[in-house]
Amino acid sequence: MEFLSMGGYGAYVWTAYALTFAVVILCLAQGRRRHRRVFNDLRARFRAAAERGK
Amino acid sequence: MWTFVHKLSSPPYFYGLAARMAPWFAGAGLLPIGYGTVAGLFFAPPDYQQGDAFRIIYVHVPAAYLSMLAYIVMAATAGIGLIWRMKLAHAVAAAAAPLGAWFTFLALMTGSIWGRPMWGTWWEWGDPRLTSELILLFLYFGYMALRAAIDDPTRADRASAVLALVGAVNVPIIHFSVEWWSSLHQGPTLVREGGPAIEPAMMWPLLAMIFGFSLLFGALLLSRVRTEVLFRERRARWVRKLVYPEETA
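Criteria and cut-off values
Residues numbered from 1 in each chain as written. Chains lettered and ligands numbered in written order. Predicted model: local features only at pLDDT ≥ 70, side-chain atom pairs only at ≥ 80, totals over all residues. Helix = DSSP H or I, 4+ residues; strand = E, 2+ residues; numbered from the N terminus. Rg over C-alpha atoms; globule rule 2.2 N^0.38 Å. Buried ≥ 20, exposed ≤ 12 C-beta atoms within 10 Å, placed from the backbone. Contact = placed C-beta atoms within 7 Å. Core = buried A, V, L, I, M, F, W, Y, C linked by C-beta atoms within 7 Å. Nonpolar A, V, L, I, M, F, W, Y, C, P; charged D, E, K, R; others polar. Axes fitted to C-alpha atoms, helices over the stretch in contact; angles between N-to-C directions. Parallel < 35°, antiparallel > 145°, perpendicular 65-115°, else oblique. pLDDT = per-residue confidence, 0-100. Expected span 1.5 Å × (residues − 1). Left-handed = near helix turned anticlockwise from the far one by under 90°.

Bringing the overall build of chain A into the picture now. Within chain A, the secondary structure is distributed over two helices and zero strands. Relative to a compact globule of 54 residues, whose C-alpha radius of gyration would be 10 Å, chain A shows 22 Å and is clearly more extended. Once the C-alpha set of chain A is aligned to its principal axes, its extents read approximately 70 × 15 × 10 Å. Across the 54 residues of chain A, 15% fall into the buried class.

To continue, consider the overall build of chain B. Tallying secondary structure elements over chain B gives nine helices and zero strands in all. Put simply, chain B runs from its N terminus to its C terminus through helices and strands in the order α-α-α-α-α-α-α-α-α. When its C-alpha atoms are laid out on the principal axes, chain B stretches across 70 × 35 × 30 Å. Considering chain B as a whole, with its 249 residues, one finds that 41% of them fall into the buried category. When contacts within chain B are restricted to residue pairs at least 6 apart in sequence, those whose partners lie at least 24 apart make up 77%.

Now for the nonpolar core. One finds I56, A70, M74, V92, A93, A96 and L99 of chain B to be the most contacted residues of the largest nonpolar core, which totals 72 residues. For this core, the elements supplying multiple residues, two or more each, are helix 2 (10–53) of chain A together with helix 2 (11–43), helix 3 (57–84), helix 4 (87–119), helix 5 (128–149), helix 6 (153–167), helix 8 (200–232) and helix 9 (237–243) of chain B. A total of 18 residues in this core trace back to one element, the largest contributor, which is helix 4 of chain B. With residues up to four places along the chain from it excluded, the contact list for I56 of chain B reads Y12, V13 and A16 of chain A together with T110, I113 and W114 of chain B.

This part takes up the interface of chain A and chain B. Every contact between the two is made by 25 residues of chain A and, on the other side, 33 residues of chain B. Of the residues forming the side of chain A that touches chain B, the biggest block, 21 residues, is contributed by helix 2 of chain A. Split by residue class, the side of chain A that touches chain B holds 17 nonpolar, five polar and three charged.

Along the polypeptide, V162 of chain B turns up in helix 6. Between the C-alpha atom of V162 of chain B and that of A145 of chain B, which follows or precedes it by 17 residues, the distance is 14 Å.

On to the packing of helix 2 of chain A against helix 4 of chain B. It is the contact of helix 2 of chain A with helix 4 of chain B, at a shortest axis distance of 9 Å, that shows an interaxial angle of 175°. On the basis of the axis angle, helix 2 of chain A is roughly antiparallel to helix 4 of chain B. On helix 4 of chain B, the residues touching Y12, T15, A16, L19, T20, V23 and C27 of chain A of helix 2 of chain A are L99, W102, L106, M109, T110, I113, W114, R116 and P117 of chain B. Of the residues belonging to the contact of helix 2 of chain A with helix 4 of chain B, the class tally is twelve nonpolar, three polar and one charged.

Glancing now at unusual backbone geometry. Despite not being glycine, M6 of chain A shows a phi value in the positive range, around 50°. Structurally, M6 of chain A is set in the loop between helix 1 (2–5) and helix 2. Within the chain, R85 of chain B stands out as a residue other than glycine whose phi angle is a positive 50°. Tracing the sequence through the fold places R85 of chain B in the loop between helix 3 and helix 4.

Looking at chain B, the pLDDT average stands at 93 and 99% of residues meet or exceed 70. Per the prediction output, this complex has pTM 0.94; the corresponding ipTM is 0.92.

Moving on to the environment of M144 of chain B. Residues and elements named next belong to chain B. Looking at where M144 falls in the secondary structure, it is placed in helix 5. Look at M144 and you get partly exposed, because 16 C-beta atoms sit within 10 Å. Note: C-alpha distance between M144 and A95 (49 residues apart in sequence) is 9.9 Å. Dropping the residues within four chain positions of it, M144 is found in contact with A97 and P98.

We now examine helix 4 of chain B. For helix 4 of chain B, which comprises 33 residues, the first-to-last C-alpha distance of 46 Å matches the rise-based estimate of 48 Å (1.5 Å per residue) to within 8%. Following helix 4 of chain B by one or two positions, G120 of chain B adopts a phi angle in the positive range, close to 80°.

Moving on to helix 5 of chain B. The first and last C-alpha atoms of helix 5 of chain B sit 31 Å apart over 22 residues, in line with the 32 Å expected at 1.5 Å per residue. For helix 5 of chain B, every residue scored as buried is listed here: P128, R129, L130, S132, E133, L136, L139, Y140 and Y143 of chain B.

As a further point, take the packing of helix 3 of chain B against helix 6 of chain B. All names here are of chain B. Put simply, helix 3 and helix 6 touch, their axes get as near as 9 Å, and they point 135° apart. Viewed along their axes, helix 3 and helix 6 adopt a mutual orientation that is oblique. Classified by chirality, the crossing of helix 6 by helix 3 is left-handed. Between helix 3 and helix 6, the contacting residues are M74, A75, A78, G79, G81 and L82 on the first element and D157, R158, S160, A161, A164 and L165 on the second. When grouped by side-chain class, the residues that make up the contact of helix 3 with helix 6 number seven nonpolar, three polar and two charged.

Pasting the structure below:
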C-alpha cells in the first residue's frame with residue numbers, strides 16, 4: 001500500500017490522474033451522446049415530414 | 001494526393017471514413033496510455049527534488065500539449081475554411097474548440113494541483129505561463145460563444161474563424177512564456193536547446209502519454225466532426241437516406 005501514499009503526495013497525484021481520466025471518459029461519452037441525439041432528431045424530423053406528406 | 005483531398009472533403013465519404021477510423025485511433029491510443037500510466041506511476045524513479053509529486057507530469061504535459069495542439073488545429077482549419085471556403089474545414093474547427101477547452105481546463109487543474117505542494121500556491125495571478133494558458137481557455141470560450149450567438153452558419157463560420165486566427169498569437173506566447181519572462185513554472189523539459197533534460201526511465205512514459213493522448217484526441221475529434229457534418233448536411237439527400245432509410249426503401 002506504500003505506493004498509494006506517493007511519498008506523502010498521494011492526494012495530489014491521485015486527484016490529478018482521476019480528474020484527467022474522468023474528463024477523457026466524459027469527452028468520449030459526450031461525443032457519442034451528441035451524435036446519437038443529432039441522428040435521432042433528424043430522423044424524427046424526416047419521419048414527421050414524410051407522414052405529413054402522405 | 002489532390003484526388004484524395006478532394007474525396008476527403010466530400011461529406012458522405014468523410015462521414016463514413018471517420019466512423020471507421022475513430023475506434024482505431026482510440027484503441028491505438030489506449031495502449032501507450034496504459035503503458036505510460038503504469039510506468040509513470042510505478043516504475044519511473046522519483047524526482048530528486050520533487051519526489052513522487054513529479055508524476056503529475058504524465059497527465060499534465062499531455063493535457064497542456066493538447067490544449068495548444070487543438071488550438072493550432074482549430075486556427076489552421078478555420079483559416080483553410082476562410083480562404084478556400086471549405087465547409088468541412090470549418091466543421092473541424094468547430095469540433096476542435098470544445099475538446100481544446102477541456103484539455104486546457106485539465107492543464108490548468110493538474111498544474112494547480114502540482115503547484116500547491118511544489119510552489120506552495122494553487123494559483124499565482126500575473127504569472128506569464130499560468131495567465132497565457134488561462135487566456136487560451138477564454139479564447140476557446142469566446143470562440144464557442146461567438147459561434148452560438150450567430151444563427152447563420154456561414155457567417156458563424158467566418159466570424160469565429162477570424163477570432164481563432166487572431167487568438168493564435170497566444171500559442172507561441174504560452175510556449176515561450178517560461179523563457180521570455182520569469183515564471184514560477186519550470187522551464188521546458190523535452191523541447192529545449194541541448195536536448196531533453198530528463199532521464200530515459202522518466203521520459204519514455206511521458207512520450208508514450210503524449211503520443212497516446214494525441215491519438216485519443218484524434219478519435220474524439222473525428223467523432224465530433226462526424227456529428228458536425230451530419231447536422232450541417234441535414235438538407236442533403238445522403239443524410240436523409242442515412243437517418244431515415246424507410247422512406248426510400
